[in-house]
Amino acid sequence: MTDSASPTGGATPPDAGTSAGAGASGDGGVDEGFPYGRQAVADAFREFVAATPSGGTFYVTGSPGSGRSTLLTWLFLRSQTDQGDAGTSGPRTGPLFHAALGARGRGVDDLAVAIGGQLGYETATAAELLSVLAMDERPVCVAVGDLDEAGAVPDERHTTRLIESLLAPMAGLPNVRLVAEGAQKWAQHFDDCVIVDLDASDWTDRAAFDRYVAALCAYVPEPGPQSDGARPGALAHAISRAAYPNFLLAQLLVLDRVASEAEPEAAATDTPPTGIATATGADTGIDIGGAVARHLDRLSAESPVVADALYALALAGQAGLGRDLWRLATTAVAGRRIDRQEFAAAVELSWALLQPERAGSDGAGAPESRFALRHSAVATALLALRSQDAALQARRALVNSLAGQVPVAPADDGPPRPLWRRSDPALLSELLRQAAAVPGALGPLLGFPEVLLTTDLDGLRAVLDCSDEPAAAALRPALALLYPASRDQPARLQVAAVQHGLNDLAASVESACPPLPFRALRPPPAAPDVQESAQESPRGAVQEAVRSTVQEPAQGAVRGTVQGAPEVAVTETGAVEVGQRLGEETAALRWTLHGTPCTAARAELLDGVPVVAVADREGLLQVRSADDGRLLRPVVRADEPPELLCTLAGAPDPLSVCTAADRLWVVRLADGSTLAELRFGSNISAVRRTAGNELDVELGGFGIRLSFDPAVLRTLTGASSATGAAG
């Protein structure tokens, strides 16, 4: 059995710890505990970090199993320890790596958002991240591993797109250092690149590698009868010669030998495992695929379902599968039902090739744990045993098998209706991930809003980011507007669908998810009277006429209110002016509000009374009389200072719409709590009330009309914590 916690993903050999890493550099500079003779890599990394300017790429490559991921992990861990920066004698003021993550299962925008999050940026696309990094001149160091495993289901085209659209342009910025690992062919995409090829002998100390293999072989009997003149450790020497400098290949060859000991014919042979040369033999050309194939043959002889189980896991990709889903996938690949006992036996026999995501004290994964193959090279070797047509057929069977687990309800006419909301979210996420690898399978699933709303948002983004289907490409910009997730996701999805022309999806959301607190109707008609932004208005201030909004006061209105429509302006100093003919020599001021600089002000009708709603830089919202400026309601605080605002509903629970940049949110004027919010991806330049509870939102050249349901909005109490009265 192997130990998933060991640096190479295999069994940690005795006496192969600190001493194995010594002597690699030859200059006495040894990182204690650095894995198995790779000190030369640590030295090269020091030089890279100490070099100026602060840009460039440090790229670790090598054949599968050579230890690329292990080294990248070690470089990260060693750099985070409390010591001086590599190559300097002074104390470090912060971590060397500002962001460190893997590309496994990610697409371009998905990885960009993750990197931006670790760097403290709010970005939704790769283009946004590159723009922010270019403007921010502070030096950063980013580590990205698993380039070969990019995409929902790994594929070379996903890695190419990831590098060309994000990583290579990012590494080209003068203030960004990139540390990455992947196949040799990707290195050519990076300029100013330090390449560490672990297949070259310069990077792995041969003596340390020999000690590692000898420790692996310590408990493996020597092949054949031992004569007095036989050289001790011949098996270890032969395996070391065949595998150097690939640690995974050494593990598999030792495992191959251990398995052969259980076979009667193996005991009678006096040669090492097939393909391994003797101590004096020539180069062998052993590859991981051959070792995996031989091991798989032995396992299949004991349990035929082992091959199907491992093949199903290889199809699933490096993210692995949960136990229940893996059993389901195995059934699909095998084309027959598999009972639990048979599957459990297959798991036990193939354990050496597996790595549970969460291991128990006895090494066994928890019942709900996910399994993955120990190394991507194992998956590659397994998939190479079958043709591309067979793989595609198996993927289709896997998608159909996963879809068959979704509950359905009978329909009066037509096929049964899938009950997506009753499905396990993990099942739906896996279904979408596998469908992305089958041409034409993903598009139909994306037409169901329940699928989009039930699936993990990050997982869905990765699937869309990696898919070439037109439906996925059309949905990407709409999905970006659903972050961060909230309780009003169905309404936000409907608005995003209308905004991006996905009218069928918008209609499906309205049909499947009633009632919605707000929804998009159509792009608003052009209107000559819009609310201007502070940058565009006269005197550098917000100034708006509300003749189309303020009407005759209702019976019982505040005494003394005038019948004319007031004008409202925010001056350059942040004061609010209310009156007539503002900006002219004959201006007639009714009242002026000074104090904390204001960001937005607007004349409105609230319950038939002309009022002026005001917001300041601290996010405080005030409702004052349009006649004399008296405060009519308690002051409350919004969660951020609005740039534009507009009242939405009156008694018994007044609501207001606020906007800032591309964000629009609904505020309860009783306590300042946010009831709902949505984003448009473009800055909001104007908002304008129309009939009833409809609002036109201008987005710089185009717009959208929203319809709000105050009754539903008021049920969303607690959508965000209320700040309480502020004055």
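Residues numbered from 1 in each chain as written. Predicted model: local features only at pLDDT ≥ 70, side-chain atom pairs only at ≥ 80, totals over all residues. Heavy atoms only, no water.

An unreviewed UniProt entry lists the protein chain under the name ATP-binding protein, with Streptomyces albospinus given as the organism.

Student: So what about the overall build of the protein chain? Which residues, and what values?
Tutor: If you tally the helices and strands in the protein chain, you get 23 helices and 26 strands. A buried classification covers 51% of the 727 residues belonging to the protein chain. For the protein chain, the share of sequence-separated contacts (at least 6 apart) that also reach a separation of at least 24 residues comes to 59%. When the accessible surface of the protein chain is summed, it comes to about 31400 Å², and 51% of that surface belongs to carbon and sulfur atoms. (Helix = DSSP H or I, 4+ residues; strand = E, 2+ residues; numbered from the N terminus. Buried < 20%, exposed > 50% of the residue type's maximum accessible area, 1.4 Å probe, protein only. Contact = heavy atoms within 4.5 Å. Areas by Shrake-Rupley, 256 points an atom, 1.4 Å probe, with all protein chains shown as cover.)

Student: Which residues make up the pairing of strand β13 (residues 567-570), and what values do they have?
Tutor: By the alternation rule, side chains of β13 split into E567 and A569 and V568 and V570, which are all buried. Of the pairings in the sheet, the one linking β13 to strand β14 (residues 576-580) comprises four bridges and is antiparallel in character. Paired with V568 across the strands is V578, a residue of β14. Counted between consecutive antiparallel strands, the loop separating β13 from β14 contains five residues, among which G574 sits at a positive phi close to 90°. (Pairing = 2+ DSSP bridges.)

Student: Which residues make up the pattern of salt bridges, and what values go with them?
Tutor: Tallying each qualifying case throughout the model produces 26 salt bridges. In this structure, D639 and R663 form a salt bridge, with 2.8 Å as the shortest nitrogen-oxygen distance. Taken as a pair, D639 in the loop between β19 (636-637) and β20 (644-649) and R663 in strand β22 (residues 663-668) lie far apart in primary sequence, 24 residues in all. Judged by relative accessible area, which is 42%, D639 ranks as partly exposed. Among the residues examined, R663 registers a relative accessible area of 5% and is labelled buried. Between D696 and R705 there is a salt bridge; the shortest N-O distance is 2.5 Å. With a relative accessible area of 9%, R705 lands in the buried category. Linked through salt bridges whose partners overlap, the residues forming this network are R106, D110, D458 and R461. (Salt bridge = Lys/Arg side-chain N within 4 Å of Asp/Glu carboxyl O.)

Student: Before we move on, could you go through the packing of aromatic side chains and cite the residues and values that matter?
Tutor: We describe a pair of aromatic rings using the distance from one ring centre to the other and the angle between the two ring planes. Applying the stated criterion to the full structure yields 14 aromatic pairs. Ring geometry for F48 versus F58: centroids 5.5 Å apart, planes at 45°, classification tilted. Placement of the pair is F48 in helix α1 (residues 39-50) and F58 in strand β1 (residues 56-61), with a sequence separation of 10 residues. Per residue, the accessibility class of F48 equals that of F58, and both read buried. (Phe/Tyr/Trp six-rings, centres within 6.5 Å; stacked < 30°, edge-to-face > 60°.)

Student: Kindly report on the sheet that holds strand β26 (residues 703-708), identifying the contributing residues and their values.
Tutor: Strand order in this open sheet of four strands is β11-β26-β25-β24, and the pairing throughout is antiparallel. Each having just a single partner strand, β11 (518-520) and β24 (686-689) make up the two edges of the open sheet. Taking each pair of neighbouring strands and ignoring which way they run, the sheet shows an average axis angle of 25°. One ladder, built from three bridges, connects β11 with β26; its direction is antiparallel. Bridge assignment links R519 to a residue of β26, and that residue is S707. Contacting β11 and β26, helix α21 (residues 489-499) runs over the sheet at an angle of about 15° to β11. (Axes fitted to C-alpha atoms, helices over the stretch in contact; angles between N-to-C directions.)

Student: How would you summarise the environment of A134 if you had to cite specific residues and measurements?
Tutor: Along the polypeptide, A134 turns up in helix α4 (residues 126-135). Separated by 40 residues in sequence, A134 and P174 place their C-alpha atoms 8.5 Å apart.

Student: Which residues make up the nonpolar core, and what are the values?
Tutor: Nonpolar side chains in soluble globular proteins tend to be buried together. Grouped together as the largest cluster of nonpolar side chains are 123 residues, with contacts concentrated most on W326, L664, F680, V697, L706 and F708. Here this core gets 11 residues from one element, more than from any other, and that element is helix α11 (residues 305-316). Ignoring sequence-local partners within four residues, the contact set of F708 consists of P517, F518, L648, V657, L664, V666, N693, L695 and L713. Counting 34 residues, the second largest nonpolar core, distinct from the first, contains A126, L130, L147 and W186. (Core = buried A, V, L, I, M, F, W, Y, C linked by side-chain atoms within 4.5 Å.)

Student: Give me the lowdown on the sheet that holds strand β21 (residues 655-660), citing residues and values where you can.
Tutor: Sheet architecture is open: four strands sit in the order β20-β21-β22-β23, paired in antiparallel fashion. Of all the strands in the sheet, just β20 and β23 (674-679) have a single pairing partner and so form its edges. The mean inter-strand angle of the sheet, taken between neighbouring strand axes irrespective of direction, is 20°. Note: β20 against β21, five bridges, orientation antiparallel. Bridging from a neighbouring strand, A649 pairs with L655 of β21.

Student: An account of unusual backbone geometry is requested, with residue identities and associated values reported.
Tutor: The step from Y244 to P245 runs through a cis peptide bond, and the omega angle for that step is 5°. Looking at where P245 falls in the secondary structure, it is placed in the loop between α7 (234-243) and α8 (247-261). The linkage connecting Y483 with the following residue, P484, adopts the cis geometry, with an omega of -10°. Its place among the elements puts P484 in the loop between α20 (470-480) and α21. One non-glycine residue, D192, lies in the positive phi region at around 50°. Tracing the sequence through the fold places D192 in the loop between β4 (176-181) and β5 (193-197).

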